[in-house]
Amino acid sequence: MYDFEIRHPPDAGGHFNGFGGKYAAETLMGPLAELEAAFYASWEDPEFQAERLRLLQQYAGRPTPLYHARRLSEEIGGAQIVLKREDLAHTGAHKINNTIGQALLAKRMGKKRVIAETGAGQHGVASATVAAMFDMQCDVYMGREDMRRQAPNVFRMELLGARVIPVDSGTATLKDALNEALRDWVASCENTFYIIGTVAGPHPYPLMVRQYHVVIGQEARAQSLEQFGRLPDMAIACVGGGSNAMGLLHPLRDDDIRLVAVEPAGYGLDGDDHAASLAAGRPGILHGNLTYLLEDDEGQIKGTHSISAGLDYPGVGPELAAMYEAGRLELETADDNEALQAFSRLSLCEGILPALESSHALAAAMRLAAKMKPEQMLLVNLSGRGDKDLDTVMQKTKEDAT
Ligand SMILES: *Cc1c(COP(=O)(O)O)cnc(C)c1O
């Protein structure tokens, strides 16, 4: 089911068809080179890979199931919808695949402290989780505004032994937390490992995070052949930074399968209240790499909005930008309301409460499935479970009732 070949690697500078690279402070060039060497060495080390797989299986609960959503498919009357159940992984989302990999690498490099950035708190929780397991000190940077909106996740991280450091700069949200974490790392890289939460940041992060997540698509591919005797016609995932999307889609990109990324349209693409970096952005430099991002005419990063905090990021992983420009990635968007409708529909129809992030992928999947034939198959990455979103959904339901 799993293999360790690195397919479609970036060039020596970390570029994917020109996107990506290493736009970082001079002082980080050494630590990034050290990280890159350590990553490649660990990737070739059978003992490291065996330990990583052991944890993915015994601790995170892999492989996650592939589930044919029969009732939903029947209701829609188009393609068969099949769900990759990352919502069943430990901590409730795909993010644990990545933090297990990076924490193991940190341990191998002899680092005693890890830091992470977080928006909604999901990556912070996944980082605090593995830090507890590996007995490492863990500091998580989080915008003060996000801390207010996501108080339960702050408490969760603290219960896991992490320290949450409030960030007041900028808009006090995810992009500012990322900047602050990079600043910490410049000063602390001697003893500290920076666990980035998605396929962004300077090289080698986009490559590394992708490789830690390809288990998703490798499993889905094998499960699809075993359970249905065929591969899907289309695979679809939501995109915040793009880690669950790269995890699912990368192992399928050499197959004859349509690959679709779904970006959050928030209140609509005609205003600024969305986070659709590919659909409405342009190339520029953000958090150490060249990619599509949302900026104003002065080059200031725009404030973004999505009902799902995990998609609320003004950039996108560079490799997705490259796949998009190469015509290998189709683009869809779903707005807040469409995501809420998809959330409700999957809950009622299949008894699964999806994360609001995943609900974006579902919304687009339902739209696309309706135009396909019943003998076709559409694979959706159900990146996380919806329990964390109950407050948001409850509030929205109340607003709509008044
Ligand atoms: C964080 C998160 C996302 C978005 O991050 P990607 O790196 O784009 O995958 C999507 N779904 C869930 C459930 C998340 O927690």
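Rules behind the numbers
Starting from 1, residues in each chain are numbered consecutively following that chain's sequence as written. Local features in this predicted model are restricted to residues of pLDDT 70 or higher, and side-chain atom pairs are both shown and tallied only at a pLDDT of 80 or more, whereas totals for entire chains, interfaces and linings draw on every residue. Calculated side-chain values reflect all of the structure's heavy atoms, with hydrogen atoms and water omitted. Per the convention used, a helix needs a DSSP run of H or I reaching at least four residues, while a strand needs a run of E reaching at least two, with both numbered from the N terminus. C-alpha atoms define the radius of gyration in this analysis, and the globule rule sets the expected value at 2.2 Å times the number of residues to the power 0.38. Summary of the burial criterion: residues with accessible area below 20% of their type's maximum are buried, those above 50% are exposed, and those between are partly exposed, where the area comes from a 1.4 Å probe applied to protein chains only. Only the protein chains shown count as covering a residue, and every accessible area follows the Shrake-Rupley method with a 1.4 Å probe. Charge counting treats Lys and Arg as positive and Asp and Glu as negative, with His and both chain ends excluded. By convention, the charge on Lys lies at NZ, on Arg at CZ, on Asp at CG and on Glu at CD. The rule for pairing is simple: two strands pair if DSSP sees at least two bridges between them. The convention used is that axes are lines fitted to C-alpha atoms, helices contributing only their stretch in contact, and that angles between N-to-C directions extend from 0 to 180 degrees. Contact between two residues is taken to exist if any of their heavy atoms lie within 4.5 Å; hydrogens are not considered. Residues are classed as near a molecule or strand on a simple rule: at least one heavy atom within 4 Å of it. Under this definition, polar contacts are N or O atom pairs within 3.5 Å; protein pairs additionally need one hydrogen-donor-capable and one acceptor-capable atom, and for neighbouring residues in sequence, both atoms have to be side-chain atoms. Any residue outside Ala, Val, Leu, Ile, Met, Phe, Trp, Tyr, Cys, Pro, Asp, Glu, Lys and Arg is labelled polar, Gly included; the first ten of those are nonpolar and the last four are charged. Working definition: rings of Phe, Tyr and Trp (its six-membered ring) pair if their centres are within 6.5 Å, and the pair is stacked with planes under 30 degrees apart, edge-to-face with planes over 60 apart, and tilted otherwise. These descriptions rest on fixed angle ranges, namely under 35 degrees for roughly parallel, over 145 for roughly antiparallel, 65 to 115 for roughly perpendicular, and the rest for oblique. By this rule, a helix spans an expected 1.5 Å times one less than how many residues it contains.

J.: Explain the overall build of the protein to me, using residue names and the numbers behind them.
T.: Along its length, the protein carries 16 helices and 14 strands. Over its C-alpha atoms the protein spans a radius of gyration of 19 Å, differing by no more than 12% from the 21 Å that the globule rule assigns to 402 residues. By its C-alpha atoms, the protein is 55 × 50 × 40 Å across when sized along the principal axes. Expressed as a percentage of its 402 residues, the buried residues of the protein come to 61%. Of the roughly 15,400 Å² of accessible surface on the protein, a fraction of 49% belongs to carbon and sulfur atoms. Taken together, the 38 basic and 55 acidic charged side chains of the protein have centroids lying 4 Å from each other.

J.: Could you give an account of the sheet that holds strand β5 (residues 113-118), naming the residues involved and the relevant values?
T.: As summarised here, the arrangement of the four strands in space is β7-β6-β5-β8, forming an open sheet in which the pairing is parallel. Each having just a single partner strand, β7 (163-167) and β8 (192-195) make up the two edges of the open sheet. For this sheet, the mean angle separating the axes of adjacent strands, direction not counted, is 25°. Contacts from helix α5 (residues 122-134) reach β5, β6 (137-143) and β8 within the one sheet, and its direction differs from that of β5 by about 165°.

J.: A description of the site of the ligand should follow, citing residues and the corresponding values.
T.: Within the structure, the ligand sits among 18 residues, and Lys95, Thr198, Gly240, Gly242 and Ser243 are positioned closest to it. With respect to the ligand, the side chain of Thr198 contributes an N or O atom lying 2.6 Å from an oxygen atom. With respect to the ligand, the side chain of Asn244 contributes an N or O atom lying 2.8 Å from an oxygen atom. The protein chains hide 97% of the 380 Å² of surface that the ligand would expose on its own. Of the residues assigned to the shell around the ligand, the class counts are five nonpolar, eleven polar and two charged.

J.: Describe in detail the side chain of Asp146, supporting the description with residues and values.
T.: On the secondary structure map, Asp146 appears in helix α6 (residues 144-149). The class for Asp146 is buried, based on a relative accessible area of 6%. Of note is the side chain of Asp146, whose polar atom sits 2.6 Å from the side chain of Arg149.

J.: Tell me about the packing of aromatic side chains, residues and numbers included.
T.: Across all of its chains, the model carries ten aromatic pairs by this definition. The interplanar angle of 40° and the centroid separation of 5.6 Å between the aromatic rings of Phe39 and Trp43 together place this pair among those described as tilted. In this pair, Phe39 and Trp43 both sit in helix α1 (residues 26-43), four residues apart, roughly one turn of the helix. Measuring from centroid to centroid gives 6.2 Å for Trp43 and Tyr212, while their planes differ by 50°, and the two rings are tilted. Within this pair, whereas Trp43 is found in helix α1, its partner Tyr212 is found in helix α9 (residues 205-213), the two being separated by 169 residues in sequence. Like Tyr212, Trp43 is buried. Linked through ring pairs, Phe4, Phe39, Tyr40, Trp43 and Tyr212 together constitute an aromatic cluster.

J.: Before we move on, could you go through the packing of α5 against helix α7 (residues 151-159) and cite the residues and values that matter?
T.: Taken N-terminus to C-terminus, the directions of α5 and α7 make an angle of 10°; their axes are 9 Å apart at the nearest point. It follows from the interaxial angle that α5 and α7 lie roughly parallel. On the side of α5, the interface is formed by Gln122, Gly124, Val125 and Ala128, while α7 contributes Asn153, Arg156 and Met157. Grouping the amino acids of the contact of α5 with α7 by side-chain chemistry returns three nonpolar, three polar and one charged.

J.: I'd like a description of helix α8 (residues 174-188), backed by residues and values.
T.: Over its 15 residues, α8 extends 21 Å from the first C-alpha to the last, a length consistent with the 21 Å expected when each residue adds 1.5 Å. For α8, every residue scored as buried is listed here: Leu174, Lys175, Asp176, Ala177, Leu178, Ala181, Leu182, Asp184, Trp185 and Ser188.

J.: Just give me the short version of the packing of α1 against α8, but keep the residues and values in it.
T.: Put simply, α1 and α8 touch, their axes get as near as 9 Å, and they point 85° apart. Classified by the interaxial angle, the pair formed by α1 and α8 is roughly perpendicular. Contact residues: Thr27, Leu28, Pro31, Leu32 and Leu35 in α1; Leu182, Trp185 and Val186 in α8.

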